[in-house]
Amino acid sequence: MEKILIEMFVLGLPFMVFIFHKLFSNNRLTAYLIPKILEDKEYPKLELRKAGVAYLALGLWILSIILATLLLYPKFPMEQYIIMVLLCFVFPILSLASIIIGVYYLIIGIFGKRESIRPKFESMFYAEEGNLVRYIKKLKIHTTVNLCCLLVLAALLPIEFLLGIGENGLIVLLNVSLLVAFIMTLWRMRNYMVKSAKLMDLPAKKYLFSTLSVFPFIYWHSFSLIKKFKEGKANQL
């Protein structure tokens, strides 16, 4: 019971911050705890420091999930592919990326020479003019690979279960590889989706946040953007 309570506390930290932010909307603390997606423009150094602390907090929180789960449940079943991939691959990458971004924002927010600075990290919302064709092409490729991984996994897992070979080392490696490819291409899809939407004068933030909240929307928006690109290209001929 104690282990479950500790895990629930760690997982529930963002909800506590969110509730505190809603109850005390004028407080200064939560501005340093809620990560903000910075666009390709100049920001005051104070905003960069806030973003830096928030990304550091996010990275440390993700790291705390990994440590709490592995320390509290050292004999976690290896056949739980999704959870093991998250704990041993996806979460460490997200944690490291958040910490690096946080440190970068803090450094330029503290030691920057000008009062307003444009971060050099290329965000999802940074899209180079004239690269729409390349972004759409990348979106098509990652969407295709992602759907292939999903379909192969959906077909393989029931077969492995029926044959009783799900715990075989090579099968586990195959399943994990497909799952990793699925997760990585999913994020790349969002990246090129947002860039394409921005160049097509569509609400890029709406595309991003809708795909984060409702998973199937990412495919809907992907095919929709590709279709709109083709229609726009046909109208130009």
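Calculation rules
- Residues numbered from 1 in each chain as written.
- Predicted model: local features only at pLDDT ≥ 70, side-chain atom pairs only at ≥ 80, totals over all residues.
- Heavy atoms only, no water.
- Helix = DSSP H or I, 4+ residues; strand = E, 2+ residues; numbered from the N terminus.
- Buried < 20%, exposed > 50% of the residue type's maximum accessible area, 1.4 Å probe, protein only.
- Polar contact = N/O pair within 3.5 Å; in protein donor to acceptor, adjacent residues only side chain to side chain.
- Contact = heavy atoms within 4.5 Å.
- Salt bridge = Lys/Arg side-chain N within 4 Å of Asp/Glu carboxyl O.

Draft legend 1. Structural detail: the side chain of threonine 143. By the secondary structure assignment, threonine 143 is in helix H4 (residues 132–163). Look at threonine 143 and you get buried, because its relative accessible area is 2%. Of note is the side chain of threonine 143, whose polar atom sits 2.8 Å from the side chain of serine 222. Apart from the residues within four sequence positions on either side, threonine 143 is in contact with Met189, Ser222 and Phe223.

Draft legend 2. Summary view of the pattern of salt bridges. Enumeration over the complete set of coordinates arrives at three salt bridges. Its salt-bridge partner being arginine 114, residue glutamate 42 comes within 3.3 Å of it at the nearest N-O pair. Taken together, the residues glutamate 42 in the loop between helix H1 (2–23) and strand S1 (43–44) and arginine 114 in the loop between helix H3 (81–111) and strand S2 (116–117) connect sequence positions 72 residues apart. We classify glutamate 42 as partly exposed; its relative accessible area is 42%. Among the ionic pairs, lysine 50 bridges to glutamate 47, the shortest N-O distance being 3.8 Å. With lysine 50 and glutamate 47 both in helix H2 (residues 45–72) and three residues apart, the pair spans about one turn of that helix. Overlapping salt bridges, with partners in common, bring together Lys36, Glu47 and Lys50 in one network.

Draft legend 3. How the structure looks around unusual backbone geometry. At aspartate 201, a position not held by glycine, the phi torsion is positive, near 60°. Note that aspartate 201 resides in the loop between helix H5 (169–199) and helix H6 (204–213). Given the relative accessible area of 71%, aspartate 201 is considered exposed.

Draft legend 4. Up close: the environment of asparagine 27. Along the chain, asparagine 27 falls in the loop between H1 and S1. Not counting residues within four places of it along the chain, the set of residues in contact with asparagine 27 comprises Phe20 and His21. At 2.2 Å, the side chain of asparagine 27 and the backbone oxygen of phenylalanine 24 are in polar contact. Here leucine 29 takes part through its backbone nitrogen, which lies 3.0 Å from a polar atom of the side chain of asparagine 27.

Spatial relationships are all this shows, so hold off on functional conclusions.
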